[in-house]
Amino acid sequence: MKIDRLIGILSILLQKEMTTAPELAEHFEVSRRTINRDIEALCKAGVPIQTTQGTGGGISIMSGYRMDRTILTSKDMQMILAGLRSLDSVSGSKYYGQLMEKLQTGSSEFISGKDSMLIDLSSWYKTSLAPKISTIQDAIENRHLLSFEYYAPSGESKRTIEPYYVVFKWSSWYVYGFCRKRKDYRLFKLNRMDKVKQTDKSFVCRNAPLPDLETENIYPMEIKVKALFTPDVKWRLVEEFGPGCFEETKDGKLLFTADYTDADYFTDWIMTFGDKAEVLEPVEVRKRIRDIVIAMKKMYD
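Along each chain, residue indices are assigned from 1 in the same order as the chain's sequence is written. Selection of residues for local features in this predicted model requires a pLDDT of at least 70, selection of side-chain atom pairs for listing and counting requires 80 or more, and totals for whole chains, interfaces and linings are taken over all residues. Here the side-chain values reflect all heavy atoms present in the structure, with hydrogen atoms and water set aside.

Draft legend 1. Seen up close, the environment of Ile80. Runs of H or I in DSSP of at least four residues are treated as helices and runs of E of at least two as strands, each being numbered from the N terminus. Along the polypeptide, Ile80 turns up in helix α4 (residues 74-88). Residues Ile80 and Met100, spaced 20 residues apart in sequence, show a C-alpha to C-alpha distance of 9.0 Å.

Draft legend 2. Fine view of the packing of aromatic side chains. Here is the rule: rings of Phe, Tyr and Trp (six-membered ring for Trp) pair when centre to centre is within 6.5 Å. Planes less than 30 degrees apart are stacked, more than 60 are edge-to-face, and the remainder are tilted. As enumerated under the stated definition, the model contains 21 aromatic pairs in all. Measuring from ring centre to ring centre gives 5.6 Å for Trp170 and Tyr174, while their planes differ by 85 degrees; the resulting arrangement is edge-to-face. Here's how the labels work: a residue is buried when its accessible area is under 20% of the maximum for its type, exposed when over 50%, partly exposed in between, all with a 1.4 Å probe on protein chains only. By relative accessible area, Trp170 is classed as partly exposed at 24%. Sitting over the face of the ring of Phe178, Arg206 holds its NZ or CZ atom 3.7 Å from the ring centroid. When the ring centre of Phe273 is taken as origin, the NZ or CZ atom of Arg236, which lies over that ring, is 3.8 Å away. For a Lys NZ or an Arg CZ to count as sitting over a ring, it must be within 6 Å of the ring centre and within 35 degrees of the ring normal.

Draft legend 3. Quick look at the pairing of strand β8 (residues 223-229). In terms of burial, β8 is a largely internal element, five of the seven residues being buried. As paired strands, β8 and strand β10 (residues 254-260) are joined by seven bridges and run antiparallel to one another. Directly across from Phe229, in β10, lies its bridge partner Leu254. Relative to strand β11 (residues 277-281), β8 runs antiparallel, the two being bridged by four bridges. By the bridge assignment for β11, Ala227 is matched with Val279. DSSP-based pairing: two strands are paired if at least 2 bridges between them are found.

Draft legend 4. Representation of helix α2 (residues 21-28). All of the buried residues along α2 are Ala21, Leu24, Ala25 and Phe28. Summarising the axial view, the buried residues of α2 lie within an arc of 100 degrees, below the 170-degree limit, and thus occupy one face. Counted as exposed and oriented over 90 degrees from the buried face of α2: Glu26 and His27. Of the surrounding secondary structure, the elements contacted by the buried residues of α2 are α1 (2-15), α3 (32-44) and β2 (58-61). Downstream of α2 by one or two residues, Glu29 has phi in the positive range, about 55 degrees. Read the arc as the range of directions from the helix axis to the C-beta atoms. Residue contacts are counted whenever heavy atoms from the two residues lie within 4.5 Å of one another.

Draft legend 5. Up close: the sheet that holds strand β6 (residues 184-189). Reading across the sheet, the five strands line up as β6-β5-β4-β3-β7 and stay open at both edges, with antiparallel pairing between neighbours. Because the sheet does not close on itself, it has two edges, and the strands there are β6 and β7 (193-202). Taking each pair of neighbouring strands and ignoring which way they run, the sheet shows an average axis angle of 45 degrees. Sheet analysis places strand β5 (residues 172-179) next to β6, joined by six bridges and oriented antiparallel. For Tyr176, the partnering residue across the bridge sits in β6 and is Leu187. With respect to the sheet, helix α6 (residues 126-142) is in contact with β3 (144-152), β4 (155-169), β5 and β7, its orientation differing from that of β7 by roughly 20 degrees. To get an axis, a line is fitted to the C-alpha atoms, and for a helix only the part in contact is used. The angle between two axes follows their N-to-C directions and goes from 0 to 180 degrees.

Draft legend 6. Summary view of the packing of helix α9 (residues 263-271) against helix α10 (residues 283-300). With their axes 10 Å apart at the nearest point, α9 and α10 run at an angle of 55 degrees to one another. The angle between α9 and α10 places the two elements in the oblique class. Considering how the two elements wind past one another, α9 and α10 form a crossing that is right-handed. Where α9 approaches α10, its residues Ala263, Asp264, Phe266, Thr267, Ile270 and Met271 are matched on the opposing element by Val285, Arg288, Ile289, Ile292 and Met296. Each residue receives one of three labels: charged for Asp, Glu, Lys and Arg, nonpolar for Ala, Val, Leu, Ile, Met, Phe, Trp, Tyr, Cys and Pro, and polar for the others, Gly being one of them. When the residues that make up the contact of α9 with α10 are grouped by side-chain class, the tally is eight nonpolar, one polar and two charged. Here roughly perpendicular refers to angles of 65 to 115 degrees, roughly parallel to angles under 35, roughly antiparallel to angles over 145, and oblique to all remaining angles. Definitions for this section: a left-handed crossing has its near helix turned counterclockwise from the far helix by less than a right angle. A right-handed crossing has that turn clockwise.

Structure (structure tokens):
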């Protein structure tokens, strides 16, 4: 729609010092003539746009111009507030709450209807998460090294990183940065971090790539698994893998098949079902669980 494209063009002009009609035409997949008409429409609406001809020229917006929030629709404002509320749920400061107050001031008539989206990103760990996120954000802003103790399956270690992004993915919080120990970029899970501190040592900001958060890259599916489940745990299979992950057998059991990250993770996961699950494949996981059960029986006997 034209109004969406106009808002998009205005957003680009507010973020970039200069752009060109061909660049905008390619971005919005329209003709250069359409972009020229859009620029003319924005000028008629009072937006101070200027064009410069020749080499190095282009389209720009007057320095200091700010977009009037009334260009946003009621739904736009509700979505913005929903996003701010979600960030406020894990914030260790009053920043997001104060920002919401600024946006809502004098906007009661503009914002119509009830909130339809409530997001709490803190899960069970708000008390411990908020201070960590606040410390990490300060370190990113100040370009200071971040130090912490990290607890991983391979053991405990002390890490120092150049922090670049706070990430929420796979229902958990992470910090992404350049690890001085591993000499590479890494994701660190906040719930495994302790004694998180912003050091007084600064670092030169690298041209850090955006973290590749594709699930198959972080958690490659290395094994094919097959297991039988009792019908009363169907809800867990649907919740975690979707309704297409199993077939019902003649005796009412659920035949589960999937690709999984590795044998260790699959073993840990399947054992949370107790006697309601039986591993069929891989055979080595089946043997491992049998050995674990035998060892547990000896311990409890």
